[in-house]
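What the coordinates show
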Amino acid sequence: MKLGYIGLGKMGHNMVERLVKKGHEVFAFDIDEDARRAAEKSGAKIAVTLSELVGKLDTPKNIWIMVPHQTVDDVLSELVPFLVDGDTVIDGGNSPYKESMRRAGGFESTGINFVDVGVSGGPAGAREGACVMVGVDKEDFEALEPLFRDLAAPGAYGYMGTHGAGHFVKMVHNGIEYGMMQAIAEGFAMMEKSGFGLNLEKIAGLYSHRSVVESRLVEWLKEGFEEFGQEMEGISGSVGASGEGEWTVEAARDLGVPAKVIEDAFAFRVASQDNPSYTGKLLQAMRNRFGGHSA
């Protein structure tokens, strides 16, 4: 299909590259000129304004937004005047699910379709095939299903439910991710302190072969040891947070569901800003490997 694409950061550029390789005609926009040039080299057609982008698309228009959640409303306020009944806007970033519900409700009277899509897999997944979680009315999902299929790894996309469900499921995914990463980091920090002189890279490799805790996260930690050494030289012991861990904690409280593991994992990241540690280094090493976050 012809697709407008707004936001050419780490995820956006790689996703555009994948879509072009899958045969889609992608018209891309970013406020950064270098990002536009890079997308053009990857085969996208470039627009230097949003009005130009919309003008290049056939009706009904499909436009994917991949920008930080804080700027989604700003992009929409500039974009929507160029759209008409039957056009579709897809928010593929990490937006709070209640905001996605609000935006979808605001579009109801205009006839413009709003779709919230959670995307997991980091920059590598965006290029090689991501996990895609879609929230929208079922008939709109079915109309766009070929697009989601092409973005996803085999078997890695699905309809989650109505508006907000895609971003809700992705939010919970990231909260679970916080807890899993915290447990892995704490366990390896214990082994580093054990006095046995354990080779943590070797153990991470061992755990990655048929153990119960075998996972991509353990594999990424092994890669971190390979790159930075057991002492994680050059890695910060203060751990960043994207926001979705905090949103998951808030949602759990609203729903009355205990989520102590996720809550404690989020609290650790907050505390690590003033109290860096080896456990924090392990967490940051994993984030660096799967998300391209700074070390």
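It should be noted that the structure appears before, not after, this text.
Here's what I pulled together on the structure shown here. Since the model is a prediction, treat every value here as computed from it, not as a measurement. (Residues numbered from 1 in each chain as written. Predicted model: local features only at pLDDT ≥ 70, side-chain atom pairs only at ≥ 80, totals over all residues. Heavy atoms only, no water.)

**Topic: the environment of Phe-148**
Position of Phe-148 among the secondary structure elements: in helix 7 (residues 138–151). Put simply, Phe-148 and Cys-131 are 17 residues apart on the chain and 9.4 Å apart in space, counted from C-alpha to C-alpha. What Phe-148 contacts, discounting residues up to four positions off in sequence, is Trp-64, Val-115, Val-117, Val-132, Val-134, Phe-141 and Tyr-157. (Helix = DSSP H or I, 4+ residues; strand = E, 2+ residues; numbered from the N terminus. Contact = heavy atoms within 4.5 Å.)

**What to know about a negative patch on the surface**
There is a patch of like negative charges on the surface, built from Glu-108, Asp-137, Glu-139 and Glu-142. With respect to the helices and strands, the residue Glu-139 is situated in helix 7. On the basis of relative accessibility, which here comes to 62%, the residue Glu-139 falls in the exposed class. (Patch = residues over 30% accessible without salt bridge, like charges linked within 9 Å, V, L, I, M, F, W, Y side chains within 5 Å. Areas by Shrake-Rupley, 256 points an atom, 1.4 Å probe, with all protein chains shown as cover. Salt bridge = Lys/Arg side-chain N within 4 Å of Asp/Glu carboxyl O. Lys, Arg positive; Asp, Glu negative; His and termini not counted. Charge placed at Lys NZ, Arg CZ, Asp CG, Glu CD. Buried < 20%, exposed > 50% of the residue type's maximum accessible area, 1.4 Å probe, protein only.)

**Re the sheet that holds strand 4 (residues 62–65)**
Read from one edge of the open sheet, 8 strands run 3-2-1-4-5-6-7-8, paired in mixed fashion. Among the strands making up the open sheet, the edge pair consists of strand 3 (45–46) and strand 8 (152–161). Both strand 4 and strand 5 (residues 88–91) contribute to a ladder of 4 bridges, which runs parallel. Across the sheet, residue Ile-63 finds its bridge partner in strand 5, namely Val-89. Contacting strand 1 (2–6), strand 4, strand 5 and strand 6 (113–120), helix 4 (residues 72–79) crosses the sheet at an angle of about 155° to strand 4. Of the strands in this sheet, strand 5, strand 6, strand 7 (130–135) and strand 8 touch helix 8 (residues 165–193), which is tilted by about 20° from strand 6. (Pairing = 2+ DSSP bridges. Axes fitted to C-alpha atoms, helices over the stretch in contact; angles between N-to-C directions.)

**Observations concerning the pairing of strand 1**
Within strand 1, 4 of the 5 residues are buried, which leaves the element mostly enclosed by the surrounding structure. For strand 1 and strand 2 (residues 25–29), the ladder comprises 5 bridges, and the chain directions are parallel. Looking at the pairing, Tyr-5 lines up with Ala-28 of strand 2. Between the parallel elements strand 1 and strand 2, the chain passes through helix 1 (residues 10–21) in a crossover that is right-handed. In this sheet, strand 4 lies alongside strand 1 in parallel orientation, the contact comprising 3 bridges. Bridge pairing in strand 4 links Ile-6 to Ile-65. (Right-handed = clockwise from strand over helix to strand, strands pointing away.)

**Structural notes on the nonpolar core**
Formed by 31 residues in total, the largest nonpolar core has its most connected members in Tyr-5, Met-15, Trp-64, Val-117 and Phe-148. Residue assignment for this core shows that the elements contributing at least two residues are strand 1, helix 1, strand 2, helix 2 (33–41), strand 6, strand 7, helix 7 and strand 8. Each residue touching Trp-64, except ones within four places of it in the same chain, is listed here: Leu-3, Gly-4, Tyr-5, Ile-6, Met-15, Ile-90, Gly-92, Val-117, Val-119, Leu-147, Phe-148 and Leu-151. Membership of the second largest hydrophobic core comes to 24 residues, among which are Ala-185, Met-232, Ile-235 and Leu-283. (Core = buried A, V, L, I, M, F, W, Y, C linked by side-chain atoms within 4.5 Å.)

**A short note on the pattern of salt bridges**
Opposite charge on two side chains permits them to pair, given that their charged atoms come into close proximity. Inspection of the entire model under this criterion finds 19 salt bridges. Asp-254 is the partner of Lys-98 in a salt bridge, and the nearest nitrogen-oxygen pair spans 3.4 Å. Of this pair, Lys-98 sits in helix 5 (residues 97–107) while Asp-254 sits in helix 11 (residues 244–255), and the two are 156 residues apart along the sequence. For Lys-98, a relative accessible area of 48% translates into the label partly exposed. On the basis of relative accessibility, which here comes to 56%, the residue Asp-254 falls in the exposed class. A salt bridge links Glu-99 to Arg-103; its shortest N-O distance comes to 3.8 Å. Of this pair, Glu-99 and Arg-103 both sit in helix 5, 4 residues apart, which is roughly one turn of the helix. What emerges from the salt-bridge pattern is a single network uniting Asp-73, Glu-99, Arg-102 and Arg-103.

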